[in-house]
Amino acid sequence: MPITEYKPLIVAFCCNWCSYAGADLAGNNRLQYPADVKIIRVPCSCRVNPTFILRAFQKGADGVIICGCHPGDCHYTSGNYYTRRRMTLLFSMLDFLGIERERTRLEWVSAAEGTKFAATMNDFVKTVASLGENKRLEDLRCKK
Amino acid sequence: MQKVTKDILISKAAGLLDSQTVTRVLGWKRGEFYDDVTPAVFHSREELENGFVFDDFCGANLSKYLIKETAKDDGKILVFLKPCDTYSFNQLLTERRFPRDKVYALGVGCEGMLDSRKIRAVSESVISVRDLGNSVEVETLYDGILTLDRQTLLPDRCQRCKSKKHVAFDELIATDGKILDSNRFDEVEKLEKMTADERYRFWQEQLSRCIRCNACRDVCPACTCEKCVFDNPDSGVANKACANEFEEKMFHIVRAFHVVGRCTDCGECSRVCPQNIPLHLLNRKFIKDINTFYGTYQAGETVGSRAPLVDYNPDDAEPSEVLTGGTHHV
Ligand code: SF4
Ligand code: SF4
Ligand code: FES
């Protein structure tokens, strides 16, 4: 079997109004970020409930990142403020259960920040790659 | 102040039934063994005299039963509430789960209930238990009569009781108690100080014992959704046959997360768990984080308070600012 470089699978939940547009801009500007980042578009970052994140890990993600509009800029005014509280508590709980803190991240990326989007993804992929495969939230039933 | 006894409560309840202030009474009923007391509804003095108990095993929090019971009849229902139960009572009112005017709440004093698991650890053949104030007399089949220190037989939730104060009542059969500072986060802190690997092993050992009986969900006064995510046959959490790391964590993270900011720390979940899993540590972790990050908040202390997850402050910290692996910067 050929030795292949380990490439983590990343799920990125991006809100439609800012971060998804930011990802689009990154693409239009031909900025490089790994193809293993799978973007899931959500209407607002606060659409992401904890189950989405857990399910992503269950189905094989090694890292999950949530991107939304900058605080104060949410298309729905306050959605991302709720996201911030929820994710703080959820990430803290995952850490409390001994699941690597670095596997989850919350980042604010505006529609104009194509560069930030690419940089964020490159950095996150690197961090997760150094952790290796997600073992602590894996589901054997979902292994291919 | 005299000790609250079964007889005082029966005569009080029977009086309120006689005067037609209430049409029925929600209380605790004697079971087959010394410790299997169950919640029950009584309609008359006879029923009360035949089955009602108030002893060291009346740990069951009756407030959740009010949701279904208040809907059954137009009259008022009497309910007995220990101090910690009144927090759940208020929280349910905040969430508009039952009409306040259909309930007559009788606050009863509490010196802590006993944990039958701790008694059984001393002797397997207990016949009866008698409360002597600071000690407990335990009659057993094979080990004679034992006198035990009452404090050592309290469940964790009573050893670390957050409050002896009734925050809701129509009438009080107790002296007005105080909110206590009971170090209830010390076990959480101990876990936080461990390495991630140690914490992982600790929880793996605890959670892998879960048999997914759903008792923790069913008893919880904060878990009152008519349709629960875990009743979905596709939820993938009820499939113990192929248990692995994910399934348990999914269930327990979601269960605890669903009650964030609404859990009053009543301790019912840990009490009913047949596998003795310390579920209260998960809830308390959330409570502690809320207190640290968003200001001290006690669910159920007042009616109508806004739970921290349906609230925000534009200046709230970012997760990256307050969380690192293992320790918090705050
Ligand atoms: S989660 Fe447990 S401690 Fe919290 S309200 Fe529900 S039963 Fe009580
Ligand atoms: S009560 Fe205990 S065994 Fe039952 S589902 Fe809850 S944690 Fe699992
Ligand atoms: S729309 Fe972007 S975070 Fe709400």
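Residues numbered from 1 in each chain as written. Chains lettered and ligands numbered in written order. Predicted model: local features only at pLDDT ≥ 70, side-chain atom pairs only at ≥ 80, totals over all residues. Heavy atoms only, no water.

1. Quick word on the pattern of salt bridges
Residue and element names in this part refer to chain B.
- Summed over all chains, the structure comprises 35 salt bridges over all chains.
- The partner of Arg 262 in a salt bridge is Glu 95, with the nearest N and O atoms 2.9 Å apart. Of this pair, Arg 262 sits in the loop between helix H10 (245-258) and helix H11 (268-272) while Glu 95 is found in the loop between helix H4 (83-94) and strand E4 (103-108), placing the two residues 167 residues apart along the sequence.
- Between Arg 284 and Asp 156 there is a salt bridge whose closest N-O contact spans 3.2 Å. Of this pair, Arg 284 sits in helix H12 (residues 280-294) while Asp 156 sits in helix H6 (residues 156-159), and the two are 128 residues apart along the sequence.
- Under the relative-accessibility criterion, Arg 284 is labelled buried at 2%. (Salt bridge = Lys/Arg side-chain N within 4 Å of Asp/Glu carboxyl O. Helix = DSSP H or I, 4+ residues; strand = E, 2+ residues; numbered from the N terminus. Buried < 20%, exposed > 50% of the residue type's maximum accessible area, 1.4 Å probe, protein only.)

2. Points about the environment of Asn49(A)
Residue and element names in this part refer to chain A.
- In this structure, Asn 49 sits in the loop between strand E2 (37-42) and helix H2 (50-58).
- Sequence spacing of Asn 49 and Tyr 20 is 29 residues, and the spatial spacing of their C-alpha atoms is 18 Å.
- Engagement of the side chain of Asn 49 in a polar contact is seen with the backbone nitrogen of Thr 51, the distance being 2.7 Å. (Polar contact = N/O pair within 3.5 Å; in protein donor to acceptor, adjacent residues only side chain to side chain.)

3. Details of a negative patch on the surface
- On the surface, a cluster of negative charge is contributed by Asp7(B), Glu46(B), Glu47(B) and Glu49(B).
- What makes Glu49(B) partly exposed here is its relative accessible area of 46%. (Patch = residues over 30% accessible without salt bridge, like charges linked within 9 Å, V, L, I, M, F, W, Y side chains within 5 Å. Areas by Shrake-Rupley, 256 points an atom, 1.4 Å probe, with all protein chains shown as cover. Lys, Arg positive; Asp, Glu negative; His and termini not counted. Charge placed at Lys NZ, Arg CZ, Asp CG, Glu CD.)

4. Here we look at the confidence of the model for chain B
- Predicted confidence across chain B gives a mean pLDDT of 92, with 96% of residues reaching 70 or more.
- Both scores are available for the predicted complex, with the pTM at 0.93 and the ipTM at 0.93. (pLDDT = per-residue confidence, 0-100.)

5. With respect to the packing of H2(A) against H10(B)
- Direction vectors running N to C along H2(A) and H10(B) enclose 170 degrees, while the axes themselves pass 11 Å from each other. By the angle between their directions, the pair H2(A) and H10(B) is classed as roughly antiparallel. On H10(B), the residues that touch Pro50(A), Thr51(A), Leu54(A), Arg55(A) and Gln58(A) of H2(A) are Phe246(B), Met250(B), Ile253(B), Val254(B) and Phe257(B). (Axes fitted to C-alpha atoms, helices over the stretch in contact; angles between N-to-C directions. Parallel < 35°, antiparallel > 145°, perpendicular 65-115°, else oblique. Contact = heavy atoms within 4.5 Å.)

6. Considerations on the domain arrangement of chain B
- Each assigned domain of chain B is listed here: domain 1 (6-113 + 162-173), domain 2 (116-153) and domain 3 (186-324).
- Averaged C-alpha coordinates put domain 2 of chain B and domain 3 of chain B at centres separated by 32 Å. (Domains from an automatic or database assignment.)

7. Thoughts on the pairing of strand E3 (residues 77-81) of chain B
Residue and element names in this part refer to chain B.
- Most of E3 sits out of view: five of its five residues are buried.
- Of the two faces of E3, the one lined by Ile 77, Val 79 and Leu 81 and the one lined by Leu 78 and Phe 80 are each fully buried.
- Relative to E3, strand E1 (residues 24-29) is paired through three bridges, and the arrangement is parallel. Of the residues in E3, the one forming a bridge with Leu 26 is Val 79.
- Bridge count for E3 against E4 is five bridges, and the pairing is parallel. (Pairing = 2+ DSSP bridges.)

8. Here's the deal with the site of ligand 2
Residues and elements named next belong to chain B.
- As a matter of local geometry, ligand 2 sits amid 14 residues, with Cys 210, Cys 213, Asn 214, Cys 216 and Cys 273 nearest to it.
- Elements that contribute at least two residues to the shell around ligand 2 include exactly helix H9 (215-219) and H10.
- Split into classes, the residues belonging to the shell around ligand 2 amount to ten nonpolar, three polar and one charged. (Near = heavy atom within 4 Å. Nonpolar A, V, L, I, M, F, W, Y, C, P; charged D, E, K, R; others polar.)

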